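What follows is the residue order along each chain.
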Amino acid sequence: MIFKILAAVLVAYAGWWLWQGPKSTHRRIRPESPPGEDAAARAVLGVHAEASEADIRAAHRRLINAVHPDHGGSAELTRRVNAARDTLLKRRG
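Conventions used here
Residues numbered from 1 in each chain as written. Predicted model: local features only at pLDDT ≥ 70, side-chain atom pairs only at ≥ 80, totals over all residues. Heavy atoms only, no water. Helix = DSSP H or I, 4+ residues; strand = E, 2+ residues; numbered from the N terminus. Contact = heavy atoms within 4.5 Å. Areas by Shrake-Rupley, 256 points an atom, 1.4 Å probe, with all protein chains shown as cover. Patch = residues over 30% accessible without salt bridge, like charges linked within 9 Å, V, L, I, M, F, W, Y side chains within 5 Å. Salt bridge = Lys/Arg side-chain N within 4 Å of Asp/Glu carboxyl O. Buried < 20%, exposed > 50% of the residue type's maximum accessible area, 1.4 Å probe, protein only.

## With respect to the overall build of the chain
Within the chain one finds four helices and zero strands. Reading the secondary structure of the chain in the N-to-C direction produces α-α-α-α. The contacts in the chain between residues at least 6 apart in sequence include a share of 54% that link residues at least 24 apart. For the chain, the exposed area adds up to about 7,600 Å²; of that, 61% sits on carbon and sulfur atoms.

In structure tokens form, the structure reads like this:
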């Protein structure tokens, strides 16, 4: 009798846990960007490690004029240039 009650409670708890899903008790702190990502972004834009915000924006503007789909470029290249700009500006800001 007691075995059946314990089994029923265990099945009910397992069903509830599967329905609700596991809960995380803490949040992971993510680094802002992986170490190689800054170097790759600088390579895409062609700026040095100590480039100012104005240098980053100027390099972005220059490249976007060349690779934008409206000017005969591709959407993928535009996405990469925009992602590189965003990565470097987040690092600086």
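## Remarks on a nonpolar patch on the surface
Side chains of Tyr-13, Trp-16, Trp-17 and Leu-18 sit close together on the surface and give an oily, nonpolar patch of about 500 Å² of accessible area. Residue position: Tyr-13 is located in helix H1 (residues 2-20). With a relative accessible area of 49%, Tyr-13 lands in the partly exposed category.

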